[in-house]
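Each chain, letter by letter, is given below.
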Amino acid sequence: MTTTYAALLRGINVGGAKKVPMAELRALLEGLGHEAVRTHLQSGQAVFTASHGDEESLAAEIEAAVEKRFGFTADVIVRDHAYLRAIAENCPFPAAELEAKQLHVTYFSAPVGEERFASVDPSAFLPEEFRLGDRALYLYAPEGLGRSKLAEALSRPRVNKGVIATSRNWNTVVKLVELTAPAS
């Protein structure tokens, strides 16, 4: 039985660093034996089917292949359709009423608890807000991620120590649900 996954590569093709052409990423995933490989945008999303492995082992396999092929490390988070759909469905903010640039999801490689964010005073960043989900953080940033002081505070190394964290805007969150959906 095959499962459809999304691989989220952190920090590639940003500011001219860690360049990974999407055609080469697709070829790399196909070379690992994955099928129905597609990429979305240039910022590190790939969708594929796999008949072996789990999210963690697939992420490790892709990380190793990227390092071997491109000569640098890139953190990878792999999630299946059910997880991605649940993240979209459980959004604590009114996604349908917001612009996609105002809503983001940070995916984590492992569960995170509220204690991790104890050093961040939410009231100091209003009207920006965040809420935790299943291995995810939802961020409402009315002026967008690039101007978000809360996003900056949430991405500090001491806050994210020990986990991989990679963020996507709401359009990408929804598109990944669509791309990983079972064929009807």
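Residues numbered from 1 in each chain as written. Predicted model: local features only at pLDDT ≥ 70, side-chain atom pairs only at ≥ 80, totals over all residues. Heavy atoms only, no water.

Points about the pairing of strand S6 (residues 129-133)
How we decide: A pair of strands is labelled paired if DSSP reports no fewer than 2 bridges between them. Starting at the N terminus, helices and strands are each numbered in turn, a helix being any DSSP run of H or I of at least four residues and a strand any DSSP run of E of at least two.
Sheet topology note: the S6/strand S7 (residues 136-140) ladder contains five bridges and is antiparallel. For leucine 132, the partnering residue across the bridge sits in S7 and is leucine 137. If you look at the hairpin formed by S6 and S7, you'll find two residues sitting between the two strands, and arginine 135 has a positive phi there, around 55°.

As for the pattern of salt bridges
The condition is simple: The term salt bridge refers to a pairing of a side-chain nitrogen on Lys or Arg with a carboxyl oxygen on Asp or Glu at a separation within 4 Å. Accessibility here uses a 1.4 Å probe with only protein chains present; expressed as a share of the type maximum, an area under 20% marks a residue as buried, one over 50% as exposed, and anything in between as partly exposed.
Within the structure shown, the criterion is met by eight salt bridges. A salt bridge links glutamate 24 to arginine 69; the shortest N-O distance between them is 2.2 Å. One end of the pair, glutamate 24, is in helix H1 (residues 22-31); the other, arginine 69, is in helix H2 (residues 55-70), with 45 residues separating them in the sequence. On the basis of relative accessibility, which here comes to 30%, the residue glutamate 24 falls in the partly exposed class. Aspartate 134 is the partner of arginine 135 in a salt bridge, and the nearest nitrogen-oxygen pair spans 3.4 Å. What makes arginine 135 buried here is its relative accessible area of 16%. Among the charged side chains, a salt-bridge network with shared partners connects Glu55, Arg79, Asp134 and Arg135.

Considering the sheet that holds strand S1 (residues 3-9)
Rule in force here: Note on geometry: axes are lines fitted to C-alpha atoms, helical ones only across the stretch in contact, with angles between N-to-C directions running from 0 to 180 degrees. The contact definition used throughout considers only heavy atoms, calling two residues in contact when any of these lie within 4.5 Å.
If you trace the four strands from one edge of the open sheet to the other, you get S2-S3-S1-S4, paired in antiparallel fashion. Each edge of the open sheet carries a strand with a single partner, namely strand S2 (35-40) and strand S4 (76-80). With strand direction ignored, the average angle separating the axes of adjacent strands in the sheet is 20°. As defined by bridge partners, S1 adjoins strand S3 (residues 45-50) across six bridges and the pair is classed as antiparallel. Across the sheet, alanine 6 pairs through a bridge with valine 47, a residue of S3. Most of the contacts of H1 go to S2, to which it runs at about 155°, and overall it touches S1, S2 and S3. This element, H2, spans S1, S3 and S4 of the sheet and lies at about 140° to S4.

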